[in-house]
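Structural description and commentary
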Amino acid sequence: MAITVLTAGTRRTASKLSVLSGSLRPAKALKVMSGGQLRVVATFGPVVGPFSVSAQPDYAYGEANSNKPTRVTSAATTATVSGGVGPYTYGWSADDGGFSVDYPRLATTTFSALMTPGRRCGTATCIATDSYGATAACTVTVDLNNDGGF
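Here we summarise the structure given alongside this text. (Residues numbered from 1 in each chain as written. Predicted model: local features only at pLDDT ≥ 70, side-chain atom pairs only at ≥ 80, totals over all residues. Heavy atoms only, no water.)

With that settled, the discussion passes to the sheet that holds strand β14 (residues 111-115). Strand order in the open sheet formed by 3 strands is β9-β14-β12, and the pairing between neighbours is antiparallel. Of all the strands in the sheet, just β9 (70-73) and β12 (100-101) have a single pairing partner and so form its edges. Here 4 bridges tie β9 to β14, and the two strands are oriented antiparallel to one another. Within β14, the residue paired with threonine 70 across the bridge is methionine 115. (Pairing = 2+ DSSP bridges. Helix = DSSP H or I, 4+ residues; strand = E, 2+ residues; numbered from the N terminus.)

In structure tokens form, the structure reads like this:
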């Protein structure tokens, strides 16, 4: 996005703004005071490649062997971002399958459920957000099994 600024009677067009306050850093938005309210008149995204997230492994398995209710926890899976501008935030959610996300706000998490003998399968989604608000998502297949001690 380009913005035109009038300074000393001369129009100037800028496609990138930086803020100088001890060190030079990219501006995320230009805000002006209008009618007693602060209003955003322009936003500036980072000049980076596409933003994406992937999970490794993309299949999280956990197993128990008990004929009583037992907490079954999967192996850990980690969301890794590419592109965008850090710092990043992470939001994991269980889409289905009757299990919970153990660390929903961290890049690395496990999935678990209190289970009697049986199996729970489903998917979980991680939405990663960069410091400019760009988002990307990935999914993980979750498979928890309590074989009942057999």
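From this point, the discussion proceeds with the structure in view.
Taken as a whole, this structure holds 3 aromatic pairs when the rule is applied. For the pair phenylalanine 51 and tyrosine 88, a centre-to-centre distance of 5.9 Å together with 10° between the ring planes defines the contact as stacked. Residue phenylalanine 51 is located in the loop between β6 (37-43) and β7 (52-56), and its partner tyrosine 88 is located in the loop between β10 (77-82) and β11 (89-94); the two are separated by 37 residues in the primary sequence. The buried category is assigned to phenylalanine 51, whose relative accessible area is 16%. With a centroid separation of 6.0 Å and an interplanar angle of 80°, the aromatic rings of phenylalanine 99 and phenylalanine 111 are classed as edge-to-face. (Phe/Tyr/Trp six-rings, centres within 6.5 Å; stacked < 30°, edge-to-face > 60°. Buried < 20%, exposed > 50% of the residue type's maximum accessible area, 1.4 Å probe, protein only.)

Moving on, we come to unusual backbone geometry. Keep in mind that most residues, glycine aside, have a negative phi and that most peptide bonds are trans. Put simply, glutamine 56 and proline 57 share a cis peptide bond, and its omega is -10°. As for its placement among the helices and strands, proline 57 is situated in the loop between β7 and β8 (59-64). The residue after glycine 86, namely proline 87, is reached through a cis peptide bond having omega 0°. Its place among the elements puts proline 87 in the loop between β10 and β11.

Taken in spatial order, the 3 strands of this open sheet run β7-β10-β13, and their pairing is antiparallel. Whereas interior strands pair on both sides, the edge strands pair on one side only; in this sheet they are β7 and β13 (108-109). Pairing analysis gives 2 bridges linking β10 to β13, with the strands arranged antiparallel. Each bridged residue has a counterpart across the sheet, and for threonine 78 the counterpart in β13 is threonine 108.

Time to look at the nonpolar core. Trp92 and Phe111 are the most contacted members of the largest nonpolar core, which has 24 residues in total. Among the elements of the structure, β7, β8, β10, β11, β14, β15 (118-129) and β16 (135-146) are those that each provide at least two residues to this core. The element that contributes the greatest number of residues to this core is β16, accounting for 5 residues. (Core = buried A, V, L, I, M, F, W, Y, C linked by side-chain atoms within 4.5 Å.)

Checked against the element boundaries, tyrosine 103 lands in the loop between β12 and β13. For the pair tyrosine 103 and serine 93, spaced 10 residues apart in sequence, the C-alpha to C-alpha distance is 9.7 Å. Those residues in contact with tyrosine 103, other than ones at most four positions away along the chain, are Trp92, Thr108, Thr109 and Thr110. (Contact = heavy atoms within 4.5 Å.)

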